[in-house]
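Here are the chains, one letter per residue:
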Amino acid sequence: REIVFEAVRQDGFALQYAHEDLRKDRDFVLEAMREDWRAMTYARADLKRDREFVLEAMRQNWAAVSCADEDLKKDRDFILEAVRQNWR
């Protein structure tokens with residue numbers, strides 16, 4: 001775990017090679033996203049459906065919404081909350 005953790009801290013895209021258990025670990029994926037928000041692409045689908053996780057990811061980079069589950073993207077309340085959170 002520590003070796004892969006160091007790898008994603010240096011290159012978020014290393015998440016694609018991580019074990020499935022790590023790709024569903026909220027903190028692990030968020031750490032990968034600190035290096036590059038696009039690492040969310042490799043997160044497990046259940047994280048991409050998790051409203052709170054996606055909002056947290058969007059705090060790092062608004063564009064993370066593009067990786068969210070389609071149902072979340074269609075949820076008006078979710079989008080309004082995301083806009084409120086990221087409005088500057």
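The notes below deal with the structure included here. No experiment lies behind these values; they were computed from the predicted model shown.

1. Quick look at the packing of helix α3 (residues 26-35) against helix α5 (residues 51-60)
Move 1: The contact between α3 and α5 brings their axes to 10 Å, and the two run at 20°. Judged on the interaxial angle alone, α5 and α3 are roughly parallel. As for the relative orientation of α3 and α5, their crossing is right-handed in sense. Contacts between α3 and α5 involve Arg26, Val29, Leu30, Met33 and Arg34 on the former and, on the latter, Glu52, Phe53, Glu56, Ala57 and Gln60.
Move 2: Of the residues that constitute the contact of α3 with α5, the class distribution is five nonpolar, one polar and four charged.

2. Quick notes on the nonpolar core
Move 1: Counting 26 residues, the largest nonpolar core has Leu15, Met33, Met40, Phe53 and Val54 as the members making the most contacts within it.
Move 2: Of all the elements in the fold, those that place two or more residues in this core are α3, α5 and α7 (76-86).
Move 3: If near-sequence neighbours (up to four positions away) are discounted, Phe53 is found in contact with Arg26, Val29, Leu30, Met33, Met40 and Leu47.

3. Side note on α3
Move 1: Burial in α3 covers these residues: Phe28, Val29, Leu30, Glu31, Ala32 and Met33.
Move 2: Each element contacted by the buried residues of α3 is listed here: α1 (2-10), α2 (20-23), α4 (45-48) and α5.
Move 3: You can read the cap of α3 off the contacts: a side-chain oxygen lies 3.1 Å from the backbone nitrogen of Asp27, and it is on Asp25.

So, how was this worked out
Residues numbered from 1 in each chain as written. Predicted model: local features only at pLDDT ≥ 70, side-chain atom pairs only at ≥ 80, totals over all residues. Heavy atoms only, no water. Axes fitted to C-alpha atoms, helices over the stretch in contact; angles between N-to-C directions. Helix = DSSP H or I, 4+ residues; strand = E, 2+ residues; numbered from the N terminus. Parallel < 35°, antiparallel > 145°, perpendicular 65-115°, else oblique. Left-handed = near helix turned anticlockwise from the far one by under 90°. Contact = heavy atoms within 4.5 Å. Nonpolar A, V, L, I, M, F, W, Y, C, P; charged D, E, K, R; others polar. Core = buried A, V, L, I, M, F, W, Y, C linked by side-chain atoms within 4.5 Å. Buried < 20%, exposed > 50% of the residue type's maximum accessible area, 1.4 Å probe, protein only. Polar contact = N/O pair within 3.5 Å; in protein donor to acceptor, adjacent residues only side chain to side chain.

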